[in-house]
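Examining the three-dimensional arrangement
Listed below, chain by chain, are the residues.
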Amino acid sequence: MYKRVLLKISGEALAAGRGFGIDAIFASRVASEIAELCNSGCQVGVVVGGGNFFRGVAEQAIHMDRVAADHMGMLSTVINAIALQDAIEKLGINCRVMSAIEMHEIAEPYIRRRAIRHLEKGRVVIFGAGTGNPYFSTDTAAALRAMEIRADVLLKATSVDGIYTADPKKDPDATMFDTITYMDIIQRGLRVMDTSAVSLCNENRMPMVIFSMREQGNIVRVVSGERLGTLVVS
Ligand code: UDP
């Protein structure tokens with residue numbers, strides 16, 4: 001159904017229950033789903049988070065300079081990007097890491113046209129180092145890259161099934177939205193992703209599907225058009 005997608009995977013997801021670091025088994029499972037997408041002809045861009053190693057905002061609590069902490073956060077996304085690249089290439093799929101912060105020995109610099117060329121050639125492109133700027137999140141990076149590469153959809157793979165009226169862990173009456181607008185997310189104060197990412201997607205009419213990646217095969221299911229999770233539209 002979707003020809004070009006931008007998949008956002010949080011750092012926490014890669015830690016898969018360990019809370020810190022990378023769960024190699026989970027990373028290779030995600031890689032195999034990405035490989036399956038590629039083999040079916042879908043072009044895949046990936047933005048990985050870094051929360052499994054370092055979060056700038058959290059580190060402010062220990063009185064670190066926010067910009068320095070965010071630099072560390074962005075570097076941690078590159079660690080995840082390299083791990084995921086390795087897992088994807090083990091499956092015989094070509095994969096490039098493009099970093100928003102230059103580090104030539106490790107990753108290509110992010111150049112939009114080159115990224116699109118990689119995608120057209122069937123290579124997976126993992127966008128590391130977020131937006132390259134402090135005070136942003138990898139959700140905003142995902143929204144930005146989705147628009148830049150003209151993805152058909154932004155796929156936010158999470159540990160919950162979709163967007164709920166309230167936190168389902170705290171409120172047993174919470175129900176999941178099948179579809180919701182970005183405006184509704186803002187007005188209801190739903191904590192889905194940060195507001196800069198929400199408004200970027202809203203203003204540029206980038207649809208997003210939020211779904212759980214706990215069940216193996218969900219990424220492929222969503223891309224092939226199965227209605228999973230919550231669809232967010234402008
Ligand atoms: N970060 C940043 N600019 C960006 C993207 C990320 O400074 O454009 C930093 C920020 O400190 C953030 C950390 O990198 O906390 C890890 O990213 P994020 O928290 O979005 O990761 P996730 O929650 O998806 O694992």
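These figures come from a predicted structure and were not determined experimentally.

This part takes up the sheet that holds strand E1 (residues 4–9). One open sheet holds the nine strands; their spatial order is E4-E3-E5-E2-E1-E6-E8-E9-E7, and the pairing between them is mixed. A strand with exactly one partner marks an edge of an open sheet, and here the two such strands are strand E4 (108–109) and strand E7 (179–181). Two strands pair when backbone bridges link them, and strand E6 (residues 153–158) and strand E8 (residues 208–212) are joined in this way by five bridges, in the parallel orientation. What sits directly across from Leu155, in E8, is Val209. Seen against the sheet, helix H5 (residues 112–120) touches E1, strand E2 (43–48), strand E3 (95–99) and strand E5 (124–128) and runs at an angle of roughly 150° to E5.

Turning to its location among the elements, Ile88 is positioned in helix H4 (residues 66–89). With near-sequence residues (within four places) excluded, Ile88 lies in contact with Ala31, Ile34, Ala35, Ile93, Cys95 and Val124.

All right, on to the pairing of E2 then. Of all six residues in E2, six are buried; the element is thus mostly enclosed. Going residue by residue along E2, you find Gln43, Gly45 and Val47 tucked away on one face and Val44, Val46 and Val48 tucked away on the opposite face as well. Sheet topology note: the E1/E2 ladder contains six bridges and is parallel. Each residue of the ladder has a partner; that of Val5, found in E2, is Val44. Across three bridges, E2 lies against E5 in parallel orientation. Bridging across to E5, Val46 finds its partner in Ile126.

With that settled, consider the packing of helix H2 (residues 24–39) against H4. In the contact formed by H2 and H4, the axes pass within 8 Å of each other and the chain directions differ by 60°. Regarding the angle of H2 to H4, the classification is oblique. For the crossing formed where H2 meets H4, the hand is right-handed. Here Ala27, Ser28, Val30, Ala31, Ile34 and Ala35 of H2 come into contact with H4, specifically with Ala83, Leu84, Ala87 and Ile88. In terms of residue class, the contact of H2 with H4 is made up of nine nonpolar, one polar and no charged.

Each value, and the rule that gives it
Residues numbered from 1 in each chain as written. Predicted model: local features only at pLDDT ≥ 70, side-chain atom pairs only at ≥ 80, totals over all residues. Pairing = 2+ DSSP bridges. Helix = DSSP H or I, 4+ residues; strand = E, 2+ residues; numbered from the N terminus. Contact = placed C-beta atoms within 7 Å. Axes fitted to C-alpha atoms, helices over the stretch in contact; angles between N-to-C directions. Buried ≥ 20, exposed ≤ 12 C-beta atoms within 10 Å, placed from the backbone. Parallel < 35°, antiparallel > 145°, perpendicular 65-115°, else oblique. Left-handed = near helix turned anticlockwise from the far one by under 90°. Nonpolar A, V, L, I, M, F, W, Y, C, P; charged D, E, K, R; others polar.

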